[in-house]
Structures are given as structure tokens and as C-alpha cells.
Amino acid sequence: MRAAVLHEIGQDKLDVLDDVETVGFGPGKVRIRVRATGLCHSDVSAMNGVLPQPAPFIPGHEGAGEVLDVGDGVTAVKQGDRVLMCWLPACGSCPACRRGQTQLCLAGFMNAGTPNFRRPGGDVFGFAGTGTFVEEVVVDAGCAVPIPDDVPYEIAALIGCGVTTGLGAAINTARVEAGSSVAVIGCGGVGISTIQGARVQGAAQIVAVDPVASRREAALAFGATEAVAPDELGDARQRITGGEGFDYVFEVVGRSATARTAYETTRRGGTLCIVGAGAMDDFLQLNMFELFFDEKRILPSMYGGGDVLRSYERAIALWRAGRIDLESLITHRVQLAEINEALTQMRTGEALRTCIEI
């Protein structure tokens, strides 16, 4: 079976091999034939060590495909079903799940420490317990979420992570109010989805901030009212808000420097929403006086900050109604053998989302 493998953390390129096999199939498990998968920046962050992940591993966590087989006790899906993969399935019984904060369930994270592939040289892990840069994968039944027949695999794959994360940050976590002003720092696939979420919520001004000109241009097509380079953000703040700051600022990069800029760009009493996944040794510095005096809400958003199954359904409903554009998020398509080309497209900012067709 073909798969794209990272042998050691810190390597820039993946090795496409044909000697990988799935392991772990049995009760409560589902075997899936992957049909499409998106390349998310979190995959790159795991490759370079920003996000912790045992190696060797197969990246990819934004995937969709068809069920090949189900283990004993699996009733929610059956052979032949079309599914997207949820990389953070809820167990339904832990304290977070009982509180209704299923996005904080830790059961899915435990999957990341169990190998679900093997090569002649030993065990291979799947990123975030999945690993979708592969022809087939075995996952817990809760990871396999049925999708309607009218949702293409490539669209379903995006809903599995980036779209749900971005839309949810605006709708679930920040709860953007109609008529408000919004700035989104970082306009890749998740940032563009955040822009679309703010537009759905009725934001009056949405300023997209990104150093890449093509991404700024794309942001305008997806609903931003203005798009600026990072060094132009101060001027936009002055023009649009009279210097007060934006009602909502979303940091979708995952770095303390941009988070600090986002904090300073948020008005007093406004909301800073942290969407980007950063490194454990990258610290955001705030002084105690400004925290007290400015009364800015700082809201991290994990996987869209809400029940992911409901969020998937909402994304599909909005897409069907023409309220959000998901097709145009896919700016590039490659085959699995061209996965390193997709990595280059992401690192240079050329792509919003690259779909790997498997």
C-alpha cells in the first residue's frame, strides 16, 4: 500500500513508499479507503516539531473516503458508506463531553500514541491518530462520520478540519456580532474559512491581513471588505476604527509575535480569538495592568470551539445554500506521488488548500 512517510522530525520532504500496511483493525474499528485529503498547515507543524507527534509517521488528518470494512460492534457506518474523518472524535463520557465541550475530549489525542501502520522496519504512526496521506487507514469508529451523497470527497475532507476550525472560530468561539468590525491575521485555508464565518455572522468590516499578495486577493473574493499586508494593518485600524481597534481579531498563524499584534489591534473590551496552533516554547507576553485595564477577552479556539458533528452539518448546510464557498478553497490538486510539490505550495503561500487525490 502506498503512503507518504516522514522518517524523522525535522525532515522537509516525505518519502512515498509502497510497503506500508494498516494495523489494528478489529472491534470498534473502521477501515477506510482514502479518496481525497487536504494538506493542512498542522501537518507541516508536526513535520517540523512545532506540534508533538511520534515518528516515523504518516501526515494528513483532513481526509474523506469510503468504508471498506467495519469491526465488531460498529453500527454507525457500514461497508460502502461515504465518510469524512474526524481526527478528534468525542468519547461521549469524559467530563468535557458531559459538559458539551466535545472539542476538548482527550480520547482522540490518545490515538496519536498508538501506531496504526507498519513497514518492514517497524511501526509507523498516523498523525493525530489518523494519517490520511495513504491509500487506506484504520481508525476508531468515531472517526468515521457519514456524509451525504451530494458532498464530494474533496469538499468533505476540508470540512474535516480547516473549514470547521475557521467557521467555528467566528461562529462558536468569538460569536461575531452583526455590524461589527473584524480583522483576520493569516489568510490560508483556515483564515479564509474564518473570514467566511465572520461574513455569515454579518460583520460589517472584515480586514484580511497576510504578507502574500495572492492570498490577500483571494480573501476579497471570499468576503473580506479589505485586504492589507501586515505593515499596513495599523493604517487600516486607524481608518476603519478611528484608532480604537477592531471588535474582533483572529490570529490564524500560531506565533506569539502575531498574537501580540492581534492583541494590540483589538479594541478595549473587544475579543482576541487565537486559532493558530503554535509551539509549546513560544510564549505570549502580556502585563498584568493591560489585562486588567483593557478588559479584552482572549479566547482560544480548539477545532472550531464547538461540537464538531454539529459543525460539520452546519458547514454542509451553508455550502448547499451558497452561503460559503468551499470549492474555491481548493486552489491546487496533486496525486500522492506529488505530495512534496504540495508542501512547497503551502510553504510559499501559493496554495490556500491543495487537495491530494488518492
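Residues numbered from 1 in each chain as written. Predicted model: local features only at pLDDT ≥ 70, side-chain atom pairs only at ≥ 80, totals over all residues. Heavy atoms only, no water.

- The name given to the protein chain in an unreviewed UniProt entry is Zn-dependent alcohol dehydrogenase, with the source organism recorded as Streptomyces marianii.
- The protein chain has a UniProt comment under Cofactor (unreviewed entry) that states "Zn(2+)". (UniProt positions renumbered as here; feature names shortened; annotations may be inferred.)

## Remarks on the overall build of the protein chain
Logical step 1: Scanning the protein chain for helices and strands turns up 12 helices and 19 strands.
Logical step 2: In terms of C-alpha radius of gyration, the protein chain reaches 20 Å, essentially the compact-globule figure of 21 Å for 358 residues.
Logical step 3: In terms of principal-axis extent, the alpha carbons of the protein chain reach across some 60 × 40 × 40 Å.
Logical step 4: Buried residues in the protein chain amount to 54% of all 358 residues.
Logical step 5: Sequence separation of 24 or more characterises 69% of the internal contacts of the protein chain that already satisfy a separation of 6 or more.
Logical step 6: Summed over its atoms, the accessible surface of the protein chain is roughly 14900 Å², and 50% of this surface lies on carbon and sulfur atoms.
Logical step 7: Taking the 31 positively charged and 43 negatively charged side chains of the protein chain as two groups, their mean positions are separated by 5 Å. (Helix = DSSP H or I, 4+ residues; strand = E, 2+ residues; numbered from the N terminus. Rg over C-alpha atoms; globule rule 2.2 N^0.38 Å. Buried < 20%, exposed > 50% of the residue type's maximum accessible area, 1.4 Å probe, protein only. Contact = heavy atoms within 4.5 Å. Areas by Shrake-Rupley, 256 points an atom, 1.4 Å probe, with all protein chains shown as cover. Lys, Arg positive; Asp, Glu negative; His and termini not counted. Charge placed at Lys NZ, Arg CZ, Asp CG, Glu CD.)

## A look at the domain arrangement of the protein chain
Logical step 1: Structurally, the protein chain comprises domain 1 (3-161 + 306-357) and domain 2 (166-300).
Logical step 2: Here the C-alpha centroids of domain 1 and domain 2 sit 27 Å apart.
Logical step 3: Across the boundary between the two partners, domain 1 contributes 19 residues, which contact 22 residues of domain 2.
Logical step 4: Surface buried jointly by domain 1 and domain 2 totals about 1600 Å² across both partners, of which 59% is contributed by carbon and sulfur atoms.
Logical step 5: Inspection of the domain 1/domain 2 interface yields 7 residue pairs in polar contact (both at pLDDT 80 or more).
Logical step 6: No other element matches helix α11 (residues 308-320), which puts 4 residues into the side of domain 1 that touches domain 2.
Logical step 7: Partitioning the side of domain 1 that touches domain 2 into residue classes produces 10 nonpolar, 5 polar and 4 charged. (Domains from an automatic or database assignment. Buried area = accessible area lost by both parts, 1.4 Å probe. Polar contact = N/O pair within 3.5 Å; in protein donor to acceptor, adjacent residues only side chain to side chain. Nonpolar A, V, L, I, M, F, W, Y, C, P; charged D, E, K, R; others polar.)

## A closer look at the UniProt feature "domain: Enoyl reductase (ER)" (unreviewed entry) in the protein chain
Logical step 1: Here, UniProt's "domain: Enoyl reductase (ER)" (unreviewed entry) annotation points to residues 10-352.
Logical step 2: Measuring from the first to the last C-alpha atom of residues 10-352 gives 23 Å, for a span that is 31% helix and 24% strand.

## Things to note about the side chain of threonine 241
Logical step 1: Secondary-structure assignment places threonine 241 in helix α8 (residues 233-241).
Logical step 2: A polar contact of 2.6 Å, which involves the side chain of threonine 241, links it to the backbone oxygen of arginine 237.
Logical step 3: If we skip the residues at most four places from it in the chain, threonine 241 touches Ser181, Ala236 and Phe246.

## Brief notes about the packing of helix α5 (residues 162-173) against α11
Logical step 1: Direction vectors running N to C along α5 and α11 enclose 95°, while the axes themselves pass 10 Å from each other. Between α5 and α11, the crossing angle belongs to the class labelled roughly perpendicular. Counting all contacts with α5, which are made through Val163, Thr164, Leu167, Gly168, Ile171 and Asn172, the residues of α11 involved are Ser311, Tyr312, Arg314 and Ala315.
Logical step 2: Looking at side-chain class alone, the contact of α5 with α11 contains 5 nonpolar, 4 polar and 1 charged residues. (Axes fitted to C-alpha atoms, helices over the stretch in contact; angles between N-to-C directions. Parallel < 35°, antiparallel > 145°, perpendicular 65-115°, else oblique.)

## Side note on the pattern of salt bridges
Logical step 1: This model, assessed by the stated rule, comprises 18 salt bridges.
Logical step 2: In this structure, the salt-bridge partner of glutamate 62 is arginine 353, at a minimum N-O distance of 2.9 Å. Of this pair, glutamate 62 sits in strand β6 (residues 62-70) while arginine 353 sits in strand β19 (residues 353-357), and the two are 291 residues apart along the sequence.
Logical step 3: The class for arginine 353 is buried, based on a relative accessible area of 4%.
Logical step 4: Between aspartate 235 and arginine 239 there is a salt bridge whose closest N-O contact spans 2.9 Å. In this pair, aspartate 235 and arginine 239 are both assigned in helix α8, 4 residues apart and thus about one turn of the helix distant.
Logical step 5: Residue classification places aspartate 235 among the partly exposed residues on the basis of a relative accessible area of 47%.
Logical step 6: For arginine 239, a relative accessible area of 46% puts it in the partly exposed group. (Salt bridge = Lys/Arg side-chain N within 4 Å of Asp/Glu carboxyl O.)

## Points about the sheet that holds strand β5 (residues 57-58)
Logical step 1: Strand order in the open sheet made by the 4 strands is β3-β8-β9-β5, with mixed pairing throughout. The sheet is open, and its two borders are formed by β3 (21-22) and β5, each paired with just one other strand.
Logical step 2: Relative to strand β9 (residues 122-126), β5 runs parallel, the two being bridged by 2 bridges. Counted as the bridge partner of isoleucine 58 is glycine 126 from β9. (Pairing = 2+ DSSP bridges.)

## A look at empty space enclosed by the protein
Logical step 1: Using the criterion set out here, one finds 1 cavity of 30 Å³ or more in the structure.
Logical step 2: Every residue along the wall of the largest cavity is listed here: Glu62, Leu158, Gly162, Val163, Gly189, Val190, Ser193, Leu329 and Arg353.
Logical step 3: Counting residues per element, the ones that place at least two in the lining of the largest cavity are α5 and α6 (189-201).
Logical step 4: With 3 residues, the single largest contributor to the lining of the largest cavity is α6.
Logical step 5: Considering only residue class, the lining of the largest cavity consists of 4 nonpolar, 3 polar and 2 charged.
Logical step 6: Residue-level mapping places the lining of the largest cavity at the junction of two domains, with at least three residues from each of domain 1 (3-161 + 306-357) and domain 2 (166-300). (1 Å grid on protein atoms, 1.4 Å probe; cavity = no way out; pocket = protein on both sides within 12 Å on 5 of 7 lines; lining within 4 Å. Points joined across faces, edges and corners; volume = space filled by probe spheres on them.)

## Observations regarding the layout of surface pockets
Logical step 1: Reported here for the second largest pocket is a volume of approximately 190 Å³.
Logical step 2: Lining the second largest pocket we find 13 residues, and of these Pro89, Ala90, Gly142, Val145 and Leu309 sit closest to its centre.
Logical step 3: Going through the elements one at a time, β11 (144-146) and α11 are the ones with two or more residues in the lining of the second largest pocket.
Logical step 4: Looking at the lining of the second largest pocket element by element, the count peaks at 3 residues for β11.
Logical step 5: When grouped by side-chain class, the residues that make up the lining of the second largest pocket number 10 nonpolar, 2 polar and 1 charged.

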